[in-house]
Each structure stands twice: as structure tokens, then as C-alpha cells.
Amino acid sequence: MLTLTLSVIIPLILANILHQAVVVKSNWCAFLAHPIDGGICLGGKRLFGSHKTWRGFIVVIVCTTLYSLLFGFCAGDSFTFMHDGIIASVGYMLGELPNSFLKRRLGIHEGASGRGLTGKIFAQLDHADSIVGASLMLYFFGAISYPPSILLTGAILGVLFHIAVTKILHHFHFR
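A few points on the structure. The shown structure was predicted, so the numbers you read here are calculated from the model rather than taken from an experiment.

Overview of the packing of helix α2 (residues 54-75) against helix α3 (residues 78-105)
Move 1: Taken N-terminus to C-terminus, the directions of α2 and α3 make an angle of 155°; their axes are 7 Å apart at the nearest point. Taken together, the axes of α2 and α3 are roughly antiparallel relative to one another. Along this stretch, α2 crosses α3, giving a crossing that reads as right-handed. Of the residues in α3, those touching α2 at Gly-56, Phe-57, Val-60, Ile-61, Thr-64, Thr-65, Ser-68, Leu-69, Phe-71, Gly-72, Phe-73 and Ala-75 are Ser-78, Phe-81, Met-82, Gly-85, Ile-86, Ser-89, Val-90, Tyr-92, Met-93, Leu-94 and Leu-97.

Structural data, given as C-alpha cells:
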């Protein structure tokens, strides 16, 4: 469990904090801040919207990988940590896309969750979608064969960490 936390959750959180608090706020790597959907619309609505950019994908994946490598170096298993960092970060970023796609279909604006029951559901999905994506990728492609119970526990911890970090980022106006 500790290995999962160190090699996956903490590097993902650190990468996301760096992305939101530094990269986005300072418009660093602006040349990558282009929507991954390329502006393509389906039924008159964007596929994912302008908030899902190449910059986010690249920064989160690269930073998570580097943080995982650092943790792996300290733990004496750089390859496994780095491998799982790459796998988890790709899953993390891909995990956000179905939620964004669905929200655009329902007319929910980017960065919003919606109103009423729909808003409450999407507010929770916004915290869980990426963690579920990371967990699924680790289950299928991880260097370590994590038992489903460990992945589920890690996913629950990841969602709780995600909620806490999001609240902190909002409090300090980084998100």
C-alpha cells in the first residue's frame, strides 16, 4: 500500500499542483496550451472543450514520471516507480476525457459541474474520473501486479487527496 501511495498518488498530486499553481497561472509552455480536441465539434458542441490541452497532458505526464523516478530512486526501485508513474499519469489524463465529453453533451460549461442533482454527481465525478483512469491503467499495464483491493484502497485515498488538494488550490486561487 505504501508503495502504491508513494509511486502513484503523491507524484500525481504534486504534478497536478505544479500544473495548476505554476504552469497554468504563469502561462508557461503556452505553445502547448491548445485543446486536444482541436476545436472539433459533435452536434454543435466541443468534444472535450478548451480546458483539456496538450500542455496539461504533457506537463502532468512528464512531471508525474519525474516525481515517480525520484521516489523510486529513494526507494531503490527507480524503474518500477517510473514505469508505474508513466502508466498512472496517462490513465489519469485519459480518465478525465469521458467526463468532459459527457459534460459538453449536457451543455455544462468547462470548469463547472452543473446545477442540482446533475451538478452534485459531476462534482463527485470530477474528483474520481482521473483516479479511476489511473487505477485501471495500473491494473492492466502496471509493472507491479497490484491486487484489486489495493487498487481500490489506493483509488479511494486518491479521490480523498484529490478533493483536499482541489479545496486548497481553490482557497489560494490557483484553480
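Having seen the structure, we can now continue with the description.
Here's the deal with the nonpolar core
Move 1: Ranked by size, the top nonpolar core spans 25 residues in total, and within it Leu-12, Phe-57, Ala-88, Tyr-92, Met-93 and Leu-138 carry the most contacts.
Move 2: Listed by contribution, the elements that provide at least two residues to this core are α1 (2-26), α2, α3, α4 (116-141) and α5 (148-171).
Move 3: Listed in part, the 5 residues of the second largest apolar core include Ile-13, Ala-21, Val-165 and Leu-169.

Here we look at the side chain of Asn-99
Move 1: Mapped onto the elements of the fold, Asn-99 is located in helix α3.
Move 2: For Asn-99, a relative accessible area of 7% translates into the label buried.
Move 3: Contact partners of Asn-99, with chain neighbours within four places excluded, come to Phe-122, Leu-125, Asp-126 and Asp-129.

A short note on the packing of aromatic side chains
Move 1: Evaluated as defined, the whole model comprises 3 aromatic pairs.
Move 2: Ring geometry for Tyr-139 and Phe-140: centres 5.0 Å apart, planes at 85°, overall edge-to-face.
Move 3: We classify Tyr-139 as partly exposed; its relative accessible area is 46%.
Move 4: On the basis of relative accessible area, Phe-140 is assigned to the exposed category, the value being 58%.
Move 5: For the cation-ring pair, Arg-105 lies above Phe-101, with the distance from its terminal atom to the ring centre recorded as 4.5 Å.

Some remarks on α2
Move 1: Taking 1.5 Å as the rise per residue, α2 with 22 residues should run 32 Å; its terminal C-alpha atoms sit 31 Å apart, in good agreement.
Move 2: Residues Arg-55, Gly-56, Phe-57, Val-59, Val-60, Ile-61, Cys-63, Thr-64, Thr-65, Ser-68 and Gly-72 constitute the buried set of α2.
Move 3: Following α2 by one or two positions, Gly-76 adopts a phi angle in the positive range, close to 85°.

Here is what the cut-offs are and how they apply
- Residues numbered from 1 in each chain as written.
- Predicted model: local features only at pLDDT ≥ 70, side-chain atom pairs only at ≥ 80, totals over all residues.
- Heavy atoms only, no water.
- Axes fitted to C-alpha atoms, helices over the stretch in contact; angles between N-to-C directions.
- Helix = DSSP H or I, 4+ residues; strand = E, 2+ residues; numbered from the N terminus.
- Parallel < 35°, antiparallel > 145°, perpendicular 65-115°, else oblique.
- Left-handed = near helix turned anticlockwise from the far one by under 90°.
- Contact = heavy atoms within 4.5 Å.
- Core = buried A, V, L, I, M, F, W, Y, C linked by side-chain atoms within 4.5 Å.
- Buried < 20%, exposed > 50% of the residue type's maximum accessible area, 1.4 Å probe, protein only.
- Phe/Tyr/Trp six-rings, centres within 6.5 Å; stacked < 30°, edge-to-face > 60°.
- Lys NZ or Arg CZ within 6 Å of the ring centre and 35° of its normal.
- Expected span 1.5 Å × (residues − 1).

Function-wise, these values are silent; they only describe arrangement.
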